[in-house]
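# Commentary on secondary and tertiary structure
Residue strings, one per chain:
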Amino acid sequence: MKIIMLGAPGAGKGTQAKMLAAKYDIPHISTGDIFRANIKNGTELGAKAKEYMDKGLLVPDELVVDLIMDRFKADDCKNGYILDGFPRTIPQAEALDKALTAVGESIDYAINVEVPDENIVNRMSGRRACVGCGATYHIKYSPTKVEGKCDTCNGDLIIRDDDKPETVLNRLNVYHEQTQPLIDYYSGKGVMREVDGTVDMQLVFDSIVAILGE
Ligand code: AMP
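Residues numbered from 1 in each chain as written. Predicted model: local features only at pLDDT ≥ 70, side-chain atom pairs only at ≥ 80, totals over all residues. Heavy atoms only, no water.

## Some details on helix 7 (residues 165-179)
Over its 15 residues, helix 7 extends 20 Å from the first C-alpha to the last, a length consistent with the 21 Å expected when each residue adds 1.5 Å. Restricting attention to buried positions, one finds in helix 7 the residues T167, V168, R171, L172, V174, Y175 and T179. An end-on view of helix 7 places all buried positions within 165° of arc, on one side of the element. Structural note: helix 7 exposes P165, E166 and E177 on the side pointing more than 90 degrees away from its buried face. Buried residues along helix 7 sit in contact with helix 3 (44-53), strand 4 (109-114), helix 6 (117-124), strand 5 (127-130) and helix 8 (181-188). (Helix = DSSP H or I, 4+ residues; strand = E, 2+ residues; numbered from the N terminus. Expected span 1.5 Å × (residues − 1). Buried < 20%, exposed > 50% of the residue type's maximum accessible area, 1.4 Å probe, protein only. Arc of directions from axis to C-beta. Contact = heavy atoms within 4.5 Å.)

## Some words on the packing of helix 1 (residues 13-24) against helix 9 (residues 201-212)
Orientation of helix 1 relative to helix 9, taken along the N-to-C sense of each, is 50°, at an axis distance of 10 Å. Relative to helix 9, the element helix 1 lies oblique. Pair helix 1 / helix 9 crosses with right-handed handedness. Contact with helix 1, carried on its side by T15, Q16, M19, L20, K23 and Y24, involves M201, Q202, V204, F205, I208, V209 and L212 of helix 9 and no other residues of that element. Residue composition of the contact of helix 1 with helix 9, grouped by class: 9 nonpolar, 3 polar and 1 charged. (Axes fitted to C-alpha atoms, helices over the stretch in contact; angles between N-to-C directions. Parallel < 35°, antiparallel > 145°, perpendicular 65-115°, else oblique. Left-handed = near helix turned anticlockwise from the far one by under 90°. Nonpolar A, V, L, I, M, F, W, Y, C, P; charged D, E, K, R; others polar.)

## Points about the state of the cysteines
Here the structure, examined in full by the defined rule, presents 0 disulfides. With no disulfide of its own, C133 has C150 as its nearest cysteine by sulfur position, at a separation of 3.7 Å. Judged by its relative accessible area of 42%, C133 falls in the partly exposed class. (Disulfide = S-S within 2.5 Å.)

## Observations concerning the packing of aromatic side chains
Within this structure, the stated rule accounts for 2 aromatic pairs. Between F72 and Y81, the aromatic rings sit 4.5 Å apart at their centres with planes inclined by 10°, giving stacked as the arrangement. For the pair Y185 and Y186, a centre-to-centre distance of 5.0 Å together with 80° between the ring planes defines the contact as edge-to-face. For the residue pair Y185 and Y186, the accessibility class agrees, reading buried in each case. (Phe/Tyr/Trp six-rings, centres within 6.5 Å; stacked < 30°, edge-to-face > 60°.)

## Brief notes about the environment of H138
For H138, the position within the fold is in strand 6 (residues 136-138). A relative accessible area of 11% places H138 in the buried class. Separated by 119 residues in the primary sequence, H138 and M19 have C-alpha atoms spaced 16 Å apart. For H138, the side chain forms a polar contact with the main-chain nitrogen of Y141, separated by 3.1 Å. (Polar contact = N/O pair within 3.5 Å; in protein donor to acceptor, adjacent residues only side chain to side chain.)

## Re the layout of surface pockets
Where empty space is left in the structure can be found by rolling a water-sized probe over the atoms. Its boundaries defined by the atoms lining it, the second largest pocket holds a volume of some 490 Å³. Looking at the lining of the second largest pocket, the elements with two or more residues in it are helix 2 (31-40), helix 3 and strand 5. When residues of the lining of the second largest pocket are assigned to their parent elements, the largest contribution, 5 residues, is made by helix 2. Within the lining of the second largest pocket, the residues separate by chemical class into 9 nonpolar, 1 polar and 8 charged. (1 Å grid on protein atoms, 1.4 Å probe; cavity = no way out; pocket = protein on both sides within 12 Å on 5 of 7 lines; lining within 4 Å. Points joined across faces, edges and corners; volume = space filled by probe spheres on them.)

## Brief notes about the packing of helix 2 against helix 4 (residues 61-72)
Each pair of packed helices can be summarised by the angle the axes make with each other and by the distance between the axes. Between helix 2 and helix 4, the least distance of the axes is 11 Å, while the angle of their chain directions is 100°. In terms of orientation, helix 2 lies roughly perpendicular with respect to helix 4. Across the interface between the two elements, T31, I34 and F35 of helix 2 pack against V64, L67 and I68 of helix 4. Of the residues that constitute the contact of helix 2 with helix 4, the class distribution is 5 nonpolar, 1 polar and no charged.

In structure tokens:
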């Protein structure tokens, strides 16, 4: 099963992607996570990506496409994957299609987690990330057991540079301009499905599972 998660930054698509990956036993591939791991490890790719990420801009397509094509070669991708944060532009979607068509495959579903902009800004202000392992939390919707400390590794929680309010507004603009056109793109292919992302995350999950079970 090959699934693409779409939705504005902060719509909760990462949380849903993780839950789906666990249920269907396929990898959750987040290009944002891959970039953050590269930044943390001080790689050249990380340094390049950080320049764009800190401003709320997209990393250039060619960097992302090479990275993801490489990731697909891993053994754990043989039964499919949940893509979270890729594709984010029409050229990325076309590159993905081209690669899949070449091996006689295609995307099964693109799921759009719908959340209005007003809710997004509100949600992002509560988002926290662990400096140690990168796990993300929300002070209201997904709090840690001990305030300010990661449940997994006990690292300190911070507000990621790209979650700061001015950057969030930039990311939303970038989303509307460059990523939202993918909704039409995948609608045209008959694989687009929408879920209401404003409800409880378990209900969002149930709606997605119902779609995948079609
Ligand atoms: P995310 O964690 O998915 O919100 O990604 C964080 C940041 O990483 C984005 O704001 C972009 O700067 C960059 N990024 C992640 N995925 C992509 C992509 N597919 N194309 C371009 N930039 C990306």
